[in-house]
Amino acid sequence: MEVTGKIKMIDQTKEVGSSGFKKRDVVVTTDEQYPQHILVQFVQDKCDLLNNYQVGEAVKIDINLRGREWTNPQGETVYFNTIQGWRIAKAQAEAPAAPAPPMPAAAAFPPATSINEEEPDDLPF
């Protein structure tokens, strides 16, 4: 899966826990009728992939969805989802569509001569 949009925010790399786990967040704003601000997390050695990007750049991020289960001290089970990035690239501008070839003038078409007015018209429109 992928997310495309403009970078809104790039966080610093953070170390979490005593095991040296590293994570770095980036927020991408999608370009659609109702723009979404999507938080994507890069972990461990992937954190450095964000070093070459700046706020405002259009990017495409390849992602995986991650989910985990946790039971809190009250015994309730809670679920968490994470969008994890594993590759990022500058978004390629879409090539403009080739213009349609011009239509010939109406005079270029010969008039219809084999019209039978008594034939039933079965067109649905």
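Scroll up for the structure.
Residues numbered from 1 in each chain as written. Predicted model: local features only at pLDDT ≥ 70, side-chain atom pairs only at ≥ 80, totals over all residues. Heavy atoms only, no water.

### Here's the deal with the layout of surface pockets
In this model, the largest pocket occupies a volume close to 200 Å³. Lining the largest pocket are Thr4, Gly5, Lys6, Thr29, Thr30, Asp31, Glu32, Ala58, Val59 and Ala91. Elements represented by at least two residues in the lining of the largest pocket include exactly strand E1 (2-10) and strand E5 (58-71). Here the residues of the lining of the largest pocket are counted per class, giving three nonpolar, four polar and three charged. (1 Å grid on protein atoms, 1.4 Å probe; cavity = no way out; pocket = protein on both sides within 12 Å on 5 of 7 lines; lining within 4 Å. Points joined across faces, edges and corners; volume = space filled by probe spheres on them. Helix = DSSP H or I, 4+ residues; strand = E, 2+ residues; numbered from the N terminus. Nonpolar A, V, L, I, M, F, W, Y, C, P; charged D, E, K, R; others polar.)

### Some details on the environment of Val27
With respect to the element layout, Val27 can be found in strand E3 (residues 21-29). Using a relative accessible area of 14% as the deciding quantity, one classes Val27 as buried. (Buried < 20%, exposed > 50% of the residue type's maximum accessible area, 1.4 Å probe, protein only.)

### As for the nonpolar core
Within the largest apolar cluster, 13 residues are counted, with the highest numbers of intra-cluster contacts made by Val26, Phe42, Val59, Ile61 and Ile88. Counting residues per element, the ones that place at least two in this core are E1, E3, strand E4 (37-43) and E5. Those residues in contact with Phe42 that sit more than four places away from it in its chain are Lys22, Lys23, Arg24, Val26, Cys47, Leu49, Leu50, Ile61, Gly85, Trp86, Arg87 and Ile88. (Core = buried A, V, L, I, M, F, W, Y, C linked by side-chain atoms within 4.5 Å. Contact = heavy atoms within 4.5 Å.)

Coordinates in, geometry out; function isn't part of it.
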